[in-house]
Amino acid sequence: MSGALSRRNVLIGGTAIAGGIGLAGLARSGAAGAQVATATARADLDVHVLVVDGMRPDELNASLTPNLTGLAADGTRYQNASAIMVAETLPNHAAMMTGVLPYRNGVPANKIYDPEVGDERELGRASDLRASTVLGRLRTELGLTTASVLSKDYLHGLFGGQASVEWDPFPLLPITDHAPDHFTTEALIQIVGEHSPRMTFTNLGDVDRVGHMDVSGTSIRIARHAALRGTDAAVQKFVDFLRASGRWERSVLIVLADHSMDWSSPLGLIGLDHPLNTDPALAGRIRIAQNGGVDLVYFVGDDAERADAVERIKRIALGVPGVESVHSPAEFDLGDLAGDVVALCAPGWRFSDPTPLSNLIPGNHGHTVTLPIPFFVAGGHPMVGRGLEITDVQARTMDVAPTVASLFGLSAPEGGWDGASRIEGLVVA
């Protein structure tokens, strides 16, 4: 591998270790404080969760992503697969690893309004995640080594301390705050080669980050397609490594996206800040967390006036061109952090609050049209179903955790799963 990983820190059991570390050192660090269950997880299995961030289901095709398409064809593909609301990166990665809805895991969107700071902020702190993860539970309950290889800085922050081995993404590109897929894949290969984790969780961010900024996205998607081909090649490089290192026959790959993508025209802007603040009953008492395809609206006035305020917010928002629908956070099980009203834009539009210059990127997600995702299970392990297409169930991002738990014999968390184990195409002895 290139020197990319050696120039950063790999976190082992909460301790920063520069460059590589021997297996003996990893075992001592990872086992500290762990409560290893008496039941033994199956020893012939490694699970790799690969997230192609922002990929649309129609982009899984032989001309654009031949390697991913070939993996899906040789495995089990879920034709009806979906993100959860809000269809953003943080809530869907949180759902993947916790298996529960946002009202339980504490991550309803990328950005919320935080009254403690008096402004909107990203949910990229480890303390923002309020539910256990399979990354952490496999480590602490079954004594297995897990690894997170997350290309985006805020994802790395959200899952800090969960895995046995954590890659600190590098190099982070300016503006996008993500490491290119080449470096992410190289880091994944080095970590698997050196530490043999039983489960890995990887985010490949190029498709999403490039898609956001592709001004040709409404039509020919030049940059987007180039990113897809690059990510497709990166996944194949990891597969080739698994084969060459003798790990393919023990590997199950769960490959999916966290959301898809929609593109708006330069004039397809929606602003709710101005119309809401021109209403005398709402003026000065509205806060908005803008999430591209979704606005989370918060009423910060007296609780006694909240019911009337919510109705006013919904009525005014529905009268703004480009707003497709409005909802209460409870409709999507988002929890109190999501505010009072969830406004979704129509396809081809985007929110830009508080001003038209607040969201300049044409590619956005979070809204209904960006819920469909690709989702398939592949790998060389004998349990993987070959050439199957599952059409009679809807797979969702929050199904990843219960599926991983089923494969390793890990029990459901307190309160149970909100997702379902997707083992229809797997032969689990």
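In the annotation of an unreviewed UniProt entry, the entry for the chain reads Alkaline phosphatase family protein, and the organism field reads Rhodococcus spongiicola.

Considering the confidence of the model for the chain
Mean pLDDT over the chain works out to 90, with 89% of the residues at or above the 70 mark. Taken together, the stretch residues 1-9 has pLDDT below 50 and engages in 23 contacts with residues farther than four places along the chain or on a different chain.

What to know about the layout of surface pockets
Put simply, the largest pocket is a space of about 670 Å³. Residue lining of the largest pocket: 27 residues in total, with Lys-111, Glu-122, Arg-209, His-212 and Ile-361 positioned closest to the centre. Counting residues per element, the ones that place at least two in the lining of the largest pocket are α6 (153-158), α8 (206-213) and β19 (363-364). The element contributing the most residues to the lining of the largest pocket is α8, with 4 residues. Shared between two domains, the lining of the largest pocket takes at least three residues from each, and those domains are domain 1 (46-261 + 368-425) and domain 2 (269-364). Of the pockets and cavities examined, the second largest pocket occupies roughly 210 Å³. Lining the second largest pocket we find 15 residues, and of these Ile-112, Tyr-113, Pro-115, Arg-130 and Leu-337 sit closest to its centre.

A short note on the sheet that holds strand β15 (residues 294-299)
Strands belonging to one sheet form pairs held by backbone hydrogen bonds; the direction of such a pair is parallel or antiparallel. An order of β14-β15-β17-β16 is seen for the 4 strands of this open sheet, with the pairing classed as antiparallel. The open sheet has two free edges, formed respectively by β14 (286-290) and β16 (323-327), since each of these has just one partner strand. Pairs of neighbouring strands in the sheet enclose a mean axial angle of 20 degrees, with direction left out of account. The sheet strands contacting helix α11 (residues 306-318) are β14, β15, β16 and β17 (341-345), and the helix crosses β16 at an angle near 165 degrees.

Considerations on the packing of helix α7 (residues 181-195) against helix α9 (residues 222-244)
The N-to-C vectors of α7 and α9 enclose an angle of 15 degrees; their axes lie 9 Å apart at closest approach. On the basis of the axis angle, α7 is roughly parallel to α9. Crossing geometry of α7 relative to α9 is assigned as right-handed. Residues Asp-181, His-182, Thr-185, Glu-186, Leu-188, Ile-189, Val-192 and Gly-193 of α7 touch α9, and the partners they reach there are Thr-231, Ala-234, Lys-237, Phe-238, Phe-241 and Leu-242. A class-by-class count of the residues in the contact of α7 with α9 yields 7 nonpolar, 4 polar and 3 charged.

Reading the values: the criteria
Residues numbered from 1 in each chain as written. Predicted model: local features only at pLDDT ≥ 70, side-chain atom pairs only at ≥ 80, totals over all residues. Heavy atoms only, no water. pLDDT = per-residue confidence, 0-100. Contact = heavy atoms within 4.5 Å. 1 Å grid on protein atoms, 1.4 Å probe; cavity = no way out; pocket = protein on both sides within 12 Å on 5 of 7 lines; lining within 4 Å. Points joined across faces, edges and corners; volume = space filled by probe spheres on them. Helix = DSSP H or I, 4+ residues; strand = E, 2+ residues; numbered from the N terminus. Domains from an automatic or database assignment. Pairing = 2+ DSSP bridges. Axes fitted to C-alpha atoms, helices over the stretch in contact; angles between N-to-C directions. Parallel < 35°, antiparallel > 145°, perpendicular 65-115°, else oblique. Left-handed = near helix turned anticlockwise from the far one by under 90°. Nonpolar A, V, L, I, M, F, W, Y, C, P; charged D, E, K, R; others polar.

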